Amino acid sequence: MDIGTQTQKEIDYCSTPVQLTGVIYDHVAWEASKKSKKGGETNQELEGDGDAWLEHENTGEDKGCDDVHNTPFDDGGISDSCLAALQTIEPGVYRQTTEVAQVDVVNNMDQPVDLAECSQQQAHKQNTITDAYGKEKPPTTSADEPDEVTEAEMQSVETLLKLAPILQTSTESNQKTPVSANTNKTDDERHTHLVRTRINMIRERNEKRMAELGDAYRSPYCNRVTNLYEPLLGRDQTIICYLLAPVGDIGTLIYKSDSGVETLKIIFETFHPSQYISYGGMDAFVDVLNFEEKKRDKKSSPYRLFLPTTILQDEMFEPKITDSDRLKVFGPSVDDILCKYQVKKVDKVDLIFIPVLLSDHYWCLCFNMKNGDIELIDNSRYAESFTKRYRGRPEKLRRVLILYLKGKIGQKEWITKLEKAKIIRKEMDWRTLQNGCDCGVFTMRHMETYKGKSPWNAGFATEDQKKIQDSQLRFLRYRYLSKIVLSDYNLIRKEVYDKATDFTKNSSPVDVLHDLDNKISNRLDQFFNLKKGKQNEKS
């Protein structure tokens, strides 16, 4: 059976075996449907496949499409048993249709591709041929040895090929091939060869493919920085009232993204003023910032990468832990982050931010990958020696990052600069001396607004204007809370917003939001005690 150029493009853009089977089925079912509906006409052109022509089934001649009238398909499509088998195959979902129209065939080209999964496959392939983190290299196979095809992959493609004739393009069918040993192959051998060839093509494309937003989605007018003077909308207030209310299950899932970051309701309750923002809330904000970097304007904005606070646990900074031990944890974690946010190469990044939570105080390190500068951004201006205040944490993070970069891209001039650079504590007019609980908000604002250039203004009033600064910090808590939960990257934002709407309709916010400091503190104690208990059970 010949296929047209449109369907061939759909097959070429398939990125999983399940998507391939869907395109094959859609094409055959649509073609058969067209044939049965227009059986009284002769020589009807198939719209969408410009190089295919359908001949009346009662005519003996075939002018444009070989053997179409012999195709053993009707509008009944695929059997229920085969459909059930296809629906159990992972990854992918088989779309149930009783009749496939032309518009469905065209729309199939716009089906989303799991780029994060593709990136993880690429990273896994790279990790198997390197021992950068002290892991043994797996044994390599011979080039002549065919790749192992999983049972699910074989089943998904094979099921449809058994229902349809072997697909080939018009140009391929018209080419005259010399007689060779391949002509002696049985139908089963040709069938298996086609299945394996198609699966290998999909795998190869997955390993190489990495999508980027086009220029149409990038603009200097796409403002990714929170406006301190923009009022909260009605939907923002609905979300804020619901999430700060100390009611309901503390384990309710509120934020979930494609990168795997998940955040519970109790974590967002720490955004209430006078509370220390939990590191889970900080990491959710980091997740949103990394996704937003895809929309940056390449001409005016540097490429920034934000690492989570949990990139290395406190135990990894103990004196008995060596830099090589830290690298074994740090390296794979950064590799995973690059895959999640589709960063092709780490040396393409301009700035790397690492937020740190040390002794209930947040600050962040900014590594400038282009000029070799390292800046420590801390909102506190408390007079204390650098070594005593930061306990060697910045230097250890610098060393492990240098080891990672050398293992990935080798020795470069800018890496040498990073290695020898002095870590500078950045001077800022809005630094504070008396504020003890808003360091998390300051750090979030610093990461959101800093782009490695001076002068830099984060928009804060000075501590001399304490009322204004406190008002700004309180506003940012609310704004960042709604920004995270209502962002396009939250896969469950609609479900959460529906719950928030029901909550505001069925309860009195004035009564529920009374005495929040004590209520939220009690719920946090309950949550962390429960968490400690689970950790003790595991140990």
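- An unreviewed UniProt entry lists the chain under the name Putative ulp1 protease family, C-terminal catalytic domain-containing protein, with Helianthus annuus as the source organism.

Considerations on the overall build of the chain
Part 1: Counting its regular elements, the chain contains 20 helices and 11 strands.
Part 2: Put simply, 71% of the contacts in the chain that link residues at least 6 apart link residues at least 24 apart.
Part 3: Summed over its atoms, the accessible surface of the chain is roughly 28900 Å², and 49% of this surface lies on carbon and sulfur atoms.

Re the side chain of Asp 378
Part 1: Looking at the secondary structure, you find Asp 378 in the loop between strand S10 (374-377) and helix H13 (386-390).
Part 2: Looking at Asp 378, the relative accessible area reads 0%, which means it is buried.
Part 3: In terms of polar contacts, Asp 378 uses its side chain to reach the side chain of His 361, at 2.7 Å.
Part 4: Within polar-contact distance, the side chain of Asp 378 engages the side chain of Tyr 390 at 2.7 Å.
Part 5: Setting aside anything within four residues of it in sequence, one finds Asp 378 in contact with His 361, Tyr 362, Trp 363, Arg 389, Tyr 390, Arg 425, Met 428 and Arg 431.

Topic: helix H11 (residues 279-292)
Part 1: Helix length check: H11 (14 residues) gives 20 Å between terminal C-alpha atoms against 20 Å at 1.5 Å per residue, within 8%.
Part 2: With respect to burial, H11 is a largely interior element, 13 of its 14 residues being buried.

What about the packing of aromatic side chains?
Part 1: Across all of its chains, the model carries 15 aromatic pairs by this definition.
Part 2: A ring pair is formed by Trp 430 and Trp 456, whose centres lie 5.2 Å apart and whose planes are at 85°; its orientation type is edge-to-face. Of this pair, Trp 430 sits in the loop between strand S11 (423-425) and helix H16 (439-449) while Trp 456 sits in the loop between H16 and helix H17 (466-485), and the two are 26 residues apart along the sequence.
Part 3: The exposure class assigned to Trp 456 is buried, which follows from its relative accessible area of 13%.
Part 4: Ring centres of Tyr 450 and Trp 456 lie 4.7 Å apart, and the angle between their planes is 55°; on these two criteria the pair is classed as tilted.
Part 5: Within the aromatic cluster, the residues linked to one another by ring pairs are Phe 306, Phe 353, Trp 430, Phe 442, Tyr 450, Trp 456 and Phe 460.
Part 6: Note that Lys 265 overlies the ring of Tyr 242, its terminal NZ or CZ placed 5.7 Å from the centroid.
Part 7: Between the NZ or CZ atom of Arg 296 and the centre of the ring of Tyr 303, over which it lies, the distance is 4.0 Å.

Remarks on the side chain of Lys 396
Part 1: Here Lys 396 is to be found in helix H14 (residues 393-409).
Part 2: For Lys 396, which is buried and forms no salt bridge, the nearest opposite charge comes from Asp 323, at a distance of 7.5 Å.
Part 3: Not counting residues within four places of it along the chain, the set of residues in contact with Lys 396 comprises Phe 317 and Arg 326.

Brief notes about unusual backbone geometry
Part 1: A cis amide bond, omega 0°, links Ser 454 with the succeeding residue Pro 455.
Part 2: Turning to its location among the elements, Pro 455 is positioned in the loop between H16 and H17.
Part 3: We note that Ser 359 has phi near 55°; this positive angle belongs to a residue other than glycine.
Part 4: Of note, Ser 359 is situated in the loop between strand S8 (351-358) and strand S9 (361-368).
Part 5: Residue Ser 359 is classed as partly exposed on the basis of its relative accessible area, which comes to 48%.
Part 6: Even without being glycine, Asp 360 reaches a positive phi, approximately 60°.
Part 7: Turning to its location among the elements, Asp 360 is positioned in the loop between S8 and S9.

Regarding the pattern of salt bridges
Part 1: Within the structure shown, the criterion is met by 27 salt bridges.
Part 2: A salt bridge links Lys 320 to Glu 318, with the nearest nitrogen and oxygen atoms 3.9 Å apart.
Part 3: Residue Glu 318 is classed as partly exposed on the basis of its relative accessible area of 31%.
Part 4: For Asp 350, the salt bridge identified is with Lys 370, shortest N-O distance 3.8 Å. Taken together, the residues Asp 350 in the loop between helix H12 (323-340) and S8 and Lys 370 in the loop between S9 and S10 connect sequence positions 20 residues apart.
Part 5: Judged by its relative accessible area of 19%, Asp 350 falls in the buried class.
Part 6: Judged by relative accessible area, Lys 370 falls into the partly exposed class, the value being 46%.

What counts, and where the lines are drawn
Numbering of residues begins from 1 in every chain and follows the order in which that chain's sequence is written. Only residues with pLDDT of at least 70 are given local features in this predicted model, and only at 80 or more are side-chain atom pairs given and counted; all residues enter the totals for whole chains, interfaces and linings. Excluded from the side-chain calculation are hydrogens and water; included are all heavy atoms of the structure. Counting from the N terminus, the helices are the DSSP runs of H or I reaching at least four residues and the strands are the DSSP runs of E reaching at least two. It only takes one pair of heavy atoms within 4.5 Å for two residues to be counted as in contact. Computed with a 1.4 Å probe, the accessible areas rest on the Shrake-Rupley method; for each residue, only the protein chains presented here act as cover. Each residue is assigned to one of three classes by its accessible area relative to the maximum for its type, calculated with a 1.4 Å probe on protein chains only: buried under 20%, partly exposed between the two thresholds, exposed over 50%. Here a polar contact is taken to be a pair of N or O atoms separated by no more than 3.5 Å, where protein atoms must pair a possible hydrogen donor with a possible acceptor and residues adjacent in sequence count only if both atoms sit in side chains. By definition here, a helix of n residues has an expected span of 1.5 Å times n minus one. The rule is short: rings of Phe, Tyr and Trp, with Trp giving its six-membered ring, pair when the centres are within 6.5 Å, and they are stacked under 30 degrees, edge-to-face over 60, tilted in between. Sitting over a ring, as applied to charges here, requires NZ of Lys or CZ of Arg to be within 6 Å of the ring centre and within 35 degrees of the ring normal. Positive charges come from Lys and Arg alone, negative charges from Asp and Glu alone, with His and the N- and C-terminal ends not counted. The term salt bridge refers to a pairing of a side-chain nitrogen on Lys or Arg with a carboxyl oxygen on Asp or Glu at a separation within 4 Å.

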